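What the coordinates show
Residues per chain are reported as follows:
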Amino acid sequence: MSNIGSYDERIKNFDWNIAEKELDYEPGNPINIGWYCSDRICEKGFGNKPALIWEGSAGNEKRYTYNDLRLNSNAVGQFLRDLGIRPEERVCLFMDKIPELYIGFLGILKMGGIAQPLFSAFGDESLFVRLDNAQTTAIITQKKHAPKVRKIMDKMPYLKHMIIVDADPSKPLADREVAFDMEQAEKPEKFTIHPTYAESPSVLHYTSGTTGQPKGVKHVHYSLISQYLTSKWVLDLQESDIYWCTADPGWVTGTSYGIIGAFSNGVTQCVLDAGFSADNWYRFIEKHKITMWYSAPTAIRSLMKAGDEVIKKYDLSSLRHLASVGEPLNSEAVIWSEKVFGKPFLDTYWQTETGSMMITNFPGMKIKPGSMGKPFPGITATVIDSETFEPFGEPGKIGLIAIKPGWPSMMRTYWRNEETYQKKFKNGWYLPGDRSSIDKEGYFWFVGRDDDVINTGGHLVSPFEVESALLEHPAVAESAVVAKPDFVNMEVVKAFVTLKPGFVGSKDLDLEIMNFVRKKLSPLAMPQEIEFIDSLPKTRSGKIMRRILHAKEWGEEIGDTSTLEND
Ligand code: WTA
């Protein structure tokens, strides 16, 4: 029997206090995610249960029980407190998927800090804009990523500490640098958890928009209510589960479901800190007897591409439930997974801002391959007209996804950008910025984003950020960045570039510009293709019309070009 039981029964008289009661949370009392994810599980008698089984790229393994999670996060919390870091100051986690990342996250929350996870492949420019916006006090990192921080240290007087978790004891550290070895650190048995409350800030995740700098999505400790219950009902986490969430905590799936949802439900979770290969992934499932697997369409398509033969080499019979997030999950992928794993991947739809799943397929529900499913109980979602902002009265029409605000894990604002936050609401609805239709039975069918943000392999990339980085290259005069179709990643970054006088497009220049962006931003943001052109399509007011270039890439109708400059 699945945890959710009957969806239709659950949506009747749903109240978030179901989760509050299960967590013994009384409104008005303190609530701290770090405590719920470690101390509370120990108090319930599961201190010796494995919480985290970590495997590195060399196959090396580390194991932590819930009691280890509790003691090690106490050590992190104590260390930060002793450094003088105060509640609500931002502490950035800038690490590969190593245990210090998962446990550090809990430690920051326990001492009342705001955890700011950033993807460790970010280059110095991507890092700087996010630390600068958050005015981050401390960054926890590994020695291999420290040079990227050192490069921008002078521009960040507010950054008081760079904490290195694997510093070489024989090498002296620079000013503002400090070593912290979690294994060796003293682990206080008693640590006074900072009394955070429902509305106390917890996590600051950065997400990319079409224009402007990345936005810092502010979440609060009360988000636990949504993250706990969606993990329980959609991921169907049960006491005996061995769970694997493939997402990196630099992105929201890796924190909401790779840390908070998993540990608050007290399951054993496995983490693989290694690059993707079909063999390695299947081996990992076999070795750890993974039962619940939460992944992303790009990974599933990569596995499909690797073929069915490789699957036969492994015993994957432990798998009992699969789910996916981040991009449209095409029906072929659902049908394929049913064929090869005997189970469909259940699609779930949500975003950084919503903090937890909004529209999903549920265990036991009729699955329509290609559909995102139905709203989670307690979530009122519909599709509205993009001009009147009124819901359509009939099924089948494509419009903007609209959600009634008020669920526990909704973002509370964009950090230092309340104006943009307010713009996300229209006519009493929160608009995630995606388009969909709803069929007669209430299933949502994703159509596309309503902006120019590129979703490459489930990671959002802002064309604006890539264009800004391109303009810093000495050869580039102007640029326009759009998505280009790709089988595995769904979309990849493509740049149209005009060159400054004296420069000529060539393969070498192409590679040089690509690398320039990769180093500054990240491998994800690096254009996979650069097309040198003589001029970019612009409106009469001089604005570059990405829409035209996008349509060309996707073989679509160009639409209204009445404002085009060279008409
Ligand atoms: C897209 C990731 C189609 C969507 C959790 C959304 C999806 C953005 C799905 C959020 C899905 C996410 N089907 N598209 N199941 N899930 N998206 O903030 O455009 O990194 O707004 O959060 O990814 O991406 P974010």
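Reading the values: the criteria
- Chains are numbered independently. Their residues run from 1 in the order of the written sequence.
- Only residues with pLDDT of at least 70 get local features here, since the model is predicted, and only at 80 or more are side-chain atom pairs given and counted; chain-wide, interface and lining totals rely on the full set of residues.
- Think of the side-chain values as coming from all heavy atoms in the structure, minus any hydrogens and water.
- We call a residue near a molecule or strand whenever a single non-hydrogen atom of that residue lies within 4 Å of it.
- Polar contact is the term for a pair of N or O atoms within 3.5 Å; when the atoms are in protein, one must be able to donate a hydrogen and the other to accept it, and sequence-neighboring residues count only if both atoms are side-chain atoms.
- Values of accessible area rely on a 1.4 Å probe in the Shrake-Rupley scheme; residue burial ignores everything except the protein chains shown.
- For helices the rule is a DSSP run of H or I covering at least 4 residues; for strands it is a run of E covering at least 2, with both sets numbered from the N terminus onward.
- In this classification, the charged set is Asp, Glu, Lys and Arg, the nonpolar set is Ala, Val, Leu, Ile, Met, Phe, Trp, Tyr, Cys and Pro, and all remaining amino acids, among them Gly, are polar.
- The source of the domain bounds is an automatic or database domain assignment.
- The contact criterion used throughout is that any non-hydrogen atoms of two residues lie within 4.5 Å.
- Once two parts are brought into contact, the accessible area they lose, counted with a 1.4 Å probe and summed over both, makes up the buried area.
- Pairing between strands requires that DSSP locate at least two bridges from one strand to the other.
- Note on definitions: angles span 0 to 180 degrees between N-to-C directions of axes, and those axes are lines fitted to C-alpha atoms, for helices only across the stretch in contact.
- Counted as salt bridges are all cases of a side-chain nitrogen of Lys or Arg within 4 Å of a carboxyl oxygen of Asp or Glu.
- Only protein chains enter the accessibility calculation, which uses a 1.4 Å probe; a residue whose area is less than 20% of its type maximum is buried, one above 50% is exposed, and one in between is partly exposed.
- Handedness of a crossover is defined as follows: orient the strands so they point away from the viewer, and if the path from the first strand over the helix to the second runs clockwise, the crossover is right-handed.
- Convention used here: angles under 35 degrees read as roughly parallel, angles over 145 as roughly antiparallel, angles from 65 to 115 as roughly perpendicular, and any remaining angle as oblique.
- When the near helix sits turned anticlockwise from the far one by under a right angle, the crossing is termed left-handed; a clockwise turn instead gives a right-handed crossing.
- Think of a nonpolar core as a cluster: buried Ala, Val, Leu, Ile, Met, Phe, Trp, Tyr and Cys residues, connected wherever their side-chain atoms sit within 4.5 Å.
- Each Phe, Tyr or Trp ring (for Trp, its six-membered ring) is paired with any other whose centre lies within 6.5 Å, and the angle between the two planes then decides the class: stacked below 30 degrees, edge-to-face above 60, tilted in between.
- A ring is considered to have a charge above it if a Lys NZ or an Arg CZ atom is located within 6 Å of its centre and within 35 degrees of its normal.

1. What to know about the site of the ligand
The ligand sits among 18 residues. The nearest are Asp-347, Thr-348, Gln-351, Thr-352 and Asp-434. Here a nitrogen atom of the ligand sits 2.8 Å away from a polar atom, N or O, in the side chain of Asp-347. One of the side-chain nitrogen or oxygen atoms of Gln-351 is found 3.1 Å away from an oxygen atom of the ligand. When the ligand sits alone it has 530 Å² of accessible area, and the protein chains cover 97% of it. Contributing elements (two or more residues each) for the shell around the ligand: α10 (252-264), β14 (345-349) and β23 (444-449). With three residues, β14 is the single largest residue contributor to the shell around the ligand. Here the shell around the ligand is composed, by residue class, of eight nonpolar, six polar and four charged.

2. Remarks on the domain arrangement of the chain
Accessible area lost during the coming together of the parts is what is often quoted as the interface size. Each assigned domain of the chain is listed with its residue range as follows: domain 1 (7-438) and domain 2 (451-554). Between the C-alpha centres of domain 1 and domain 2 there is a distance of 29 Å. Of the residues lining the interface, 26 residues belong to domain 1; the matching set on domain 2 comes to 24 residues. Looking at the side of domain 1 facing domain 2, the largest losses of area belong to Ser-208, Thr-210 and Arg-301, adding up to 27% of the total buried there.

3. Looking at the sheet that holds strand β1 (residues 50-56)
The strand order across the open sheet formed by nine strands is β2-β1-β11-β10-β12-β13-β14-β15-β16, and the pairing between neighbours is mixed. Taken across any chain shown, the strands that pair with only one partner, and hence form the sheet edges, are β2 (61-65) and β16 (374-375). Where strand β15 (residues 359-360) meets β16, two bridges bridge the pair, whose relative direction is antiparallel. Note that in β16 the partner of Thr-360 across the bridge is Lys-374. Along the sheet, α10 contacts β1, β10 (242-245), β11 (268-273), β12 (292-295) and β13 (321-325); its crossing angle with β10, the most-contacted strand, is approximately 165 degrees.

4. Concerning the pattern of salt bridges
Proximity of charged atoms lets side chains of opposite charge pair with each other. In total, this model carries 38 salt bridges according to the counting rule given. A salt bridge links Lys-368 to Glu-441; the shortest N-O distance between them is 2.5 Å. With Lys-368 in the loop between β15 and β16 and Glu-441 in the loop between β22 (434-438) and β23, the pair connects residues that are 73 residues apart, well separated along the chain. On the basis of relative accessibility, which here comes to 16%, the residue Lys-368 falls in the buried class. Here Lys-552 ties to Glu-531 by a salt bridge, and the two come within 3.7 Å at their closest N and O atoms. Of this pair, Lys-552 sits in helix α17 (residues 546-554) while Glu-531 sits in strand β28 (residues 529-532), and the two are 21 residues apart along the sequence. One continuous salt-bridge network, built from bridges that share partners, spans Lys-484, Lys-494, Glu-529, Glu-531, Lys-552 and Glu-553.

5. What about the pairing of β10?
What you see with β10 is no split at all: Ile-242 and Trp-244 on one side and Tyr-243 and Cys-245 on the other are buried throughout. Bridge count between β10 and β11: three bridges; the pairing is parallel. Bridge assignment links Trp-244 to a residue of β11, and that residue is Cys-270. The handedness of the β10 to β11 crossover, carried by α10, is right-handed. With three bridges joining them, β10 and β12 adopt parallel strand pairing. Along β12, the bridge assignment pairs Trp-244 with Trp-293.

6. Re the packing of helix α6 (residues 99-110) against α10
In the contact formed by α6 and α10, the axes pass within 11 Å of each other and the chain directions differ by 70 degrees. The angle between the axes of α6 and α10 places the two elements in the roughly perpendicular class. Crossing geometry of α6 relative to α10 is assigned as right-handed. Where α6 abuts α10, its residues Tyr-102, Phe-105 and Leu-106 lie against Thr-255, Gly-258, Ile-259, Ile-260 and Phe-263. Partitioning the contact of α6 with α10 into residue classes produces six nonpolar, two polar and no charged.

7. Things to note about helix α12 (residues 297-306)
Counting buried residues in α12 gives seven out of ten residues, a clear majority hidden from the surface. Those residues of α12 that sit buried are Pro-297, Thr-298, Ala-299, Ile-300, Arg-301, Ser-302 and Leu-303. Buried residues in α12 make contact with α11 (278-288), β12, β13, α13 (331-341), β14 and β27 (490-499).

8. Considerations on the packing of helix α15 (residues 463-471) against helix α16 (residues 507-520)
Viewed as axis vectors pointing N to C, α15 and α16 meet at an angle of 120 degrees, and their least axial separation amounts to 10 Å. With respect to α16, the element α15 is oriented oblique. Judged by the sense of rotation from one axis to the other, the crossing of α15 with α16 is right-handed. Where α15 approaches α16, its residues Val-466, Ala-469 and Leu-470 are matched on the opposing element by Ile-513, Phe-516, Val-517 and Lys-520. Considered class by class, the residues forming the contact of α15 with α16 number six nonpolar, no polar and one charged.

9. Observations regarding the environment of Ile-152
Following the sequence through the fold, Ile-152 ends up in helix α8 (residues 146-152). On the accessibility criterion, Ile-152 (2% relative accessible area) is buried. Between the C-alpha atoms of Ile-152 and Phe-128, which are 24 residues apart in sequence, the distance is 6.8 Å. Those residues in contact with Ile-152, other than ones at most four positions away along the chain, are Asp-124, Leu-127, Phe-128 and Leu-131.

10. Description of the nonpolar core
Soluble, globular proteins show a tendency: their nonpolar side chains are buried together. In terms of nonpolar packing, the biggest core is built from 97 residues, with Tyr-243 and Tyr-294 touching the most fellow members. In terms of nonpolar packing, the next biggest core, distinct from the first, is built from 27 residues, Ile-53, Trp-244, Ala-278 and Leu-319 among them.

11. Considering the packing of aromatic side chains
This model, assessed by the stated rule, comprises 32 aromatic pairs. Between the aromatic rings of Trp-244 and Trp-293, the centroid separation amounts to 5.9 Å while the plane-to-plane angle is 0 degrees, which identifies the pairing as stacked. Here Trp-244 is found in strand β10, whereas its partner Trp-293 is found in strand β12, with 49 residues between them in sequence. Of the residues examined, Trp-293 reaches a relative accessible area of 0% and is grouped as buried. Look at Phe-276 and Trp-281: their rings are 4.8 Å apart centre to centre, the planes differ by 70 degrees, and that puts the pair in the edge-to-face class. Taken together, the ring pairs in this structure connect Trp-244, Phe-276, Trp-281, Tyr-282, Phe-284, Trp-293, Tyr-314, Trp-336, Phe-341 and Phe-345 into an aromatic cluster. Of note, Arg-130 hangs over the ring of Phe-122, and the distance from its end group to the ring centre comes to 4.4 Å. A cation over an aromatic ring shows up here: Lys-155 above the ring of Phe-128, its NZ or CZ 3.9 Å from the ring centre.

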